[in-house]
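# Remarks on the overall topology
Residues per chain, in single letters:
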Amino acid sequence: MLLAILYLTMQRQVQKAIAFARKAHRGQMRKTGDPYLTHCIHTGRILAALVPSSGKRAVDTVVAGILHDVVDDTCQSLRDIEAEFGDDVVKLVASVSRLSYINQLLRRHRRVSVNQGVLGQEEASNLRVMLLGMVDDPRVVLIKLADRLHNMRTIYALPLQKAQAVAEETLIIWCSLASRLGLWALKAELEDLCFAVLQPQIFQKMRADLASMWSPTSRTGNPRRLSIKGNLIHLDENSSTAFCNGSLTFNEDVNMKDLLEAVVPFDILLDRRKRANYLSSIGNNLETCTKPKVVQDAGLALASMVICEEALEREMIISASYVPGMEITLSSRLKSLYSLYSKMKRKDISIDKVYDARALRVVVGDKNGTLHGPAVQCCYSLLDIVHRLWTPIDGEFDDYIINPKPSGYQSLHTAVQGPDNSPLEVQIRTQRMHECAEQGLAAHWLYKETGNPFLSIDSMDEPETEASSYFSKDLEEGNSSDILLSKYKSLKAGHPVLRVEGSHLLAAIIISVENDERELLVAVSFGLAASEAVADRRSFQIKRWEAYARLYKKVSDEWWFEPGHGDWFTCLEKYTLCRDARPIWAPTPNIYPGYQFY
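Right, let's walk through the structure included here. (Residues numbered from 1 in each chain as written. Predicted model: local features only at pLDDT ≥ 70, side-chain atom pairs only at ≥ 80, totals over all residues. Heavy atoms only, no water.)

### Quick look at the overall build of the chain
- Looking only at helices and strands, the chain features 24 helices and 13 strands.
- A total of 598 residues make up the chain; the buried ones form 47% of that total.
- When contacts within the chain are restricted to residue pairs at least 6 apart in sequence, those whose partners lie at least 24 apart make up 66%.
- On the chain, roughly 29900 Å² of surface is accessible, and the fraction owed to carbon and sulfur atoms is 52%. (Helix = DSSP H or I, 4+ residues; strand = E, 2+ residues; numbered from the N terminus. Buried < 20%, exposed > 50% of the residue type's maximum accessible area, 1.4 Å probe, protein only. Contact = heavy atoms within 4.5 Å. Areas by Shrake-Rupley, 256 points an atom, 1.4 Å probe, with all protein chains shown as cover.)

Okay, structure coming up:
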């Protein structure tokens, strides 16, 4: 009953916001020819797919997304929004408006400057820091990302040169910010939309290459078909890539709108029902040939992934070799074309040698670790099922359960020849391992950008005397301030740290680095379990990993972002690097003084 009331409340608020936006944007049209209201509604829909389905903060986020352009593009004011929707919504709208304004100013500056709009890596890094420095609520970035995603989906309406400039900015700035929020599916779609605009020919060729690899052929010579839960997609020789001779032909008249349509929306990849509807739509259009070939190729890629998922699902159901009664979750994903292209360039390999272009993940429930042993046994039983179903690829099996990565990551990884004789990666892990991998120690993006975020953890195993002598040597050489500052400049949001209170070591994690990397906002856990986990150096490293991961996730889930935020067991504290470059505690409300930070 309570959930129904919450849902109705959310629905009423959203409908009210749509009515407000409709009135405010009346008569305004987008360059696509659609009423401006469509952009507001699509932005709200994207946010609804990203936030929880209930809760005031989630509802306010969706409402603010619908209203995000009202202040900038209509005669309505912030006071009008506050009167109708409250303080939280108006703060979000105002922050998004300010962020958009600054971004527009910087874009104009780049356009008239000497580099003619080219965005360098250093400038991009500074821009990301500046934009984040303006934000005091992560939901502001979330709304801006939803706004940018819909703009990228409809960027075909802009002149080519302007579209390419926006795509470049999106790829370098906003995709990076999406990864910092852990929005991997949204980030993948944004990357592919940018890729389609910036490298249309390569994008089209890679779509065709994958369609060629993943399209199954009938052994009896009948027309190829992909059967997805009763939806039959027929393929003739003209509607698919030239399979026999390997030559790929492209329609030179394909336009940007077609290429953008060949990027599968992130919510379709995550929702089985939406995915089935999408494939059904592609199948119907294949019958009448109303969809461009590049869009058909996207449908073929998605269908091939679903075929693999359903084949393994059927095999697990009919097989009795896994532990009976164990809860098993199966999911799948397609690697973004941009990520695929980057890996091919980085490793200098062809597309058929990228074994994780599509992947299945099997997660075995272990009831919060109480069934850890049986769940691990189940993982190996499922591995046998996978290898019986599909032929393993030599040299492509990794057992990270017995041999965890230095980060503590655990999983079974194997690459097999899928049902179409093309590579398919399968990952198998327990729920506990999965949560550790997904929540990570201060987010997955960290080790992508800094190389190894676990140095801080690993250094806890170093003798303290060695660390002391290391710093002492720098001091003796007379470069103490510069050298120590350079060491602390490597600190980033998500790095684990220790906080000393008397004789106790407390788990702490950096939430943000501000003021030219001289101020740190740190979340400290006062819980006994976390303290014991970081203090026991003889324990397995994953225990410390989990303590930090839980702390970071708790802060993110509660949207704590200022000194003094927290509860009885967690508190956010601010520190400033003093002249000798050592962090000192800055007094904040509701925190007892006298702490030291190392």
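### Points about helix α2 (residues 37-48)
- The end-to-end C-alpha separation of α2 is 17 Å, in line with the 16 Å expected for twelve residues at 1.5 Å each.
- Of all the residues in α2, the buried ones are Leu 37, His 39, Cys 40, Thr 43, Gly 44, Ile 46 and Leu 47. (Expected span 1.5 Å × (residues − 1).)

### Considerations on helix α16 (residues 337-347)
- The complete set of buried residues in α16 reads Leu 337, Leu 340, Lys 343 and Met 344. One face of α16 carries all of its buried residues, which in axial projection span an arc of 125°. More than 90 degrees from the buried face of α16, the exposed residues found are Lys 345 and Arg 346.
- Where α16 is buried, its residues meet α10 (184-198) and α11 (200-214).
- Looking one or two places after α16, you find Asp 348, whose phi comes out positive at around 55°. (Arc of directions from axis to C-beta.)

### A few points about the packing of aromatic side chains
- Inspection of every chain in the model, using the stated rule, returns five aromatic pairs.
- Measuring from ring centre to ring centre gives 6.1 Å for Tyr 400 and Tyr 409, while their planes differ by 65°; the resulting arrangement is edge-to-face. The pair Tyr 400 / Tyr 409 is uniform in exposure class, with both members buried.
- Joined through ring pairs, the aromatic side chains of Phe 195, Phe 203, Tyr 338 and Tyr 341 make up one cluster.
- Stacked on the ring of Phe 85, the Lys or Arg Lys 16 has its end atom at 5.2 Å from the ring centre.
- Looking at Lys 405, its charged tip hangs above the ring of Tyr 400, at a distance of 4.8 Å from the centre. (Phe/Tyr/Trp six-rings, centres within 6.5 Å; stacked < 30°, edge-to-face > 60°. Lys NZ or Arg CZ within 6 Å of the ring centre and 35° of its normal.)

### Considering the nonpolar core
- Ile 66, Leu 67, Ile 81, Met 152, Leu 186, Phe 203 and Leu 340 are the most contacted members of the largest nonpolar core, which has 89 residues in total.
- A per-element tally of this core places helix α9 (residues 160-180) first, with ten residues.
- The residues that make up this core include at least three from each of domain 1 (1-181) and domain 2 (196-216 + 256-441).
- Contact partners of Leu 186, with chain neighbours within four places excluded, come to Ile 46, Leu 50, Leu 145, Leu 149, Ala 178 and Phe 266. (Core = buried A, V, L, I, M, F, W, Y, C linked by side-chain atoms within 4.5 Å. Domains from an automatic or database assignment.)

### A word on the environment of His 39
- Within the secondary structure, His 39 sits in helix α2.
- With relative accessibility at 1%, the residue His 39 sits in the buried group.
- Distance from His 39 to Thr 154, taken between C-alpha atoms, is 9.5 Å for residues 115 residues apart in sequence.
- Leave out the neighbours within four places in its chain, and His 39 touches Arg 30, His 68, Asp 69, Asp 147, His 150 and Asn 151.

### Re the packing of α11 against helix α15 (residues 293-318)
- Relative to each other, α11 and α15 sit at 45°, their axes nearing to 9 Å. The angle between the axes of α11 and α15 places the two elements in the oblique class. Pair α11 / α15 crosses with left-handed handedness. Counting all contacts with α11, which are made through Phe 203, Gln 204, Arg 207, Ala 208, Ala 211 and Trp 214, the residues of α15 involved are Lys 293, Val 294, Asp 297, Ala 298, Leu 300, Ala 301 and Ser 304. (Axes fitted to C-alpha atoms, helices over the stretch in contact; angles between N-to-C directions. Parallel < 35°, antiparallel > 145°, perpendicular 65-115°, else oblique. Left-handed = near helix turned anticlockwise from the far one by under 90°.)

### Considerations on the sheet that holds strand β3 (residues 328-334)
- With mixed pairing, the five strands of this open sheet are ordered in space as β3-β4-β7-β6-β5. Each having just a single partner strand, β3 and β5 (391-399) make up the two edges of the open sheet. On average, each strand axis in the sheet is inclined to that of its neighbour by 20°, with strand direction left out of account.
- As paired elements, strand β4 (residues 358-364) and strand β7 (residues 423-430) share six bridges and run parallel to each other. By the bridge assignment, Leu 360 is partnered in β7 with Val 426.
- Across the sheet, α15 lies against β3, β4 and β7, angled at about 160° from β3, the strand it touches most. (Pairing = 2+ DSSP bridges.)

### Observations concerning the environment of Leu 389
- Along the chain, Leu 389 turns up in helix α17 (residues 372-389).
- Judged by its relative accessible area of 26%, Leu 389 is partly exposed.
- C-alpha of Leu 389 to C-alpha of Val 416: the two residues are 27 residues apart in sequence and 9.3 Å apart in space.
- With near-sequence residues (within four places) excluded, Leu 389 lies in contact with Ala 311, Leu 312 and Glu 315.

### Some points on the state of the cysteines
- Within the structure shown, the criterion is met by zero disulfides.
- Cysteine Cys 379 remains unbridged, with the sulfur of Cys 378 as its closest cysteine sulfur at 6.2 Å.
- A relative accessible area of 0% means that Cys 379 is categorised as buried. (Disulfide = S-S within 2.5 Å.)

### Description of unusual backbone geometry
- Even without glycine at this site, Asp 348 takes up a positive phi of about 55°.
- Take Asp 348: its relative accessible area is 70%, and that puts it in the exposed class.
- Phi is positive for Asn 421, which is not a glycine, with a value near 65°.

### Quick notes on the pattern of salt bridges
- Under the definition given, this model contains 21 salt bridges.
- Taking the shortest distance from any N to any O, the salt bridge between Glu 191 and Lys 187 comes out at 2.8 Å. One end of the pair, Glu 191, and the other, Lys 187, are both in helix α10, four residues apart, so they sit about a helical turn from each other.
- In this structure, Arg 272 and Glu 313 form a salt bridge, with 3.2 Å as the shortest nitrogen-oxygen distance. Remark: Glu 313 occurs in helix α15 and Arg 272 occurs in helix α14 (residues 272-288); sequence separation between them is 41 residues.
- Sharing partners across several salt bridges, the network here consists of Arg 57, Asp 88, Asp 137 and Arg 139. (Salt bridge = Lys/Arg side-chain N within 4 Å of Asp/Glu carboxyl O.)

### Some words on the packing of α11 against α16
- Their axes nearest at 11 Å, the elements α11 and α16 cross at an angle of 90°. In this view, α11 runs roughly perpendicular relative to α16, as classed from their interaxial angle. Contacts between α11 and α16 involve Ile 202, Phe 203, Met 206, Arg 207 and Leu 210 on the former and, on the latter, Leu 337, Leu 340, Tyr 341 and Met 344.

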